[in-house]
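Here are the chains, one letter per residue:
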Amino acid sequence: MARLAPNNTIIYTCTDRKDDEHFEALNQMKAQLDTFTNHKGEKFTLEEVPLPEAIYDEDGLRLPATYANFLIGNGFVLVPIYNQPEYDEKALSVFARVFPNYKIQGIDCNALIKQHGSLHCVTMQIPENSLNLK
């Protein structure tokens, strides 16, 4: 829900929708992030990305849609998007500002969140011998 970015910046998820079940916890996280400092004692610059509108699976369980599950590569940042233009565009504009020398690319992650992860999650390591590829 919060990730380090260049230039002493933290990108974090927040919402102003008081009816969202994550409203209180995200605002508590924001308050805590505001107390953080780097190794030099300097406060971080906080960049807020919105929490997308809730997306549910066929059983009514809320899926983990968040823009904080982005992936940084050599000269690019892949940002999960969810076919929610208002929120997707706001998130992409934050990434463009925070990563000015990177190509910012939105990737539809509606299918990935059904597996309870997104871009960063699906690129994690695969433990040795966990796949039988004979």
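Residues numbered from 1 in each chain as written. Predicted model: local features only at pLDDT ≥ 70, side-chain atom pairs only at ≥ 80, totals over all residues. Heavy atoms only, no water.

**Focus on the sheet that holds strand S2 (residues 9-14)**
An order of S1-S2-S3 is seen for the three strands of this open sheet, with the pairing classed as mixed. Each of the sheet's edge strands pairs with one partner strand only, and the pair in question is strand S1 (2-5) and strand S3 (45-50). For this sheet, the mean inter-axis angle between neighbouring strands, taken without regard to orientation, is 30°. In the sheet, S2 pairs with S3 via six bridges, with the strands oriented parallel. Residue pairing for S3: Thr-13 is matched across the bridge by Val-49. Taken strand by strand, helix H1 (residues 23-33) contacts S1, S2 and S3, and its axis lies near 160° from that of S2. (Pairing = 2+ DSSP bridges. Helix = DSSP H or I, 4+ residues; strand = E, 2+ residues; numbered from the N terminus. Axes fitted to C-alpha atoms, helices over the stretch in contact; angles between N-to-C directions. Contact = heavy atoms within 4.5 Å.)

**A closer look at the sheet that holds strand S4 (residues 71-73)**
Across the sheet, three strands lie side by side as S4-S5-S6; this open sheet has mixed pairing. If you trace the sheet from one side to the other, it starts and ends with S4 and strand S6 (103-108), each paired once. When strand polarity is set aside, the average angle formed by the axes of neighbouring strands in this sheet is 25°. Strands in contact with helix H2 (residues 85-98) are strand S5 (76-81) and S6; relative to S5, the strand with the most contacts, it is inclined by about 160°.

Geometric values such as these leave the question of function open.
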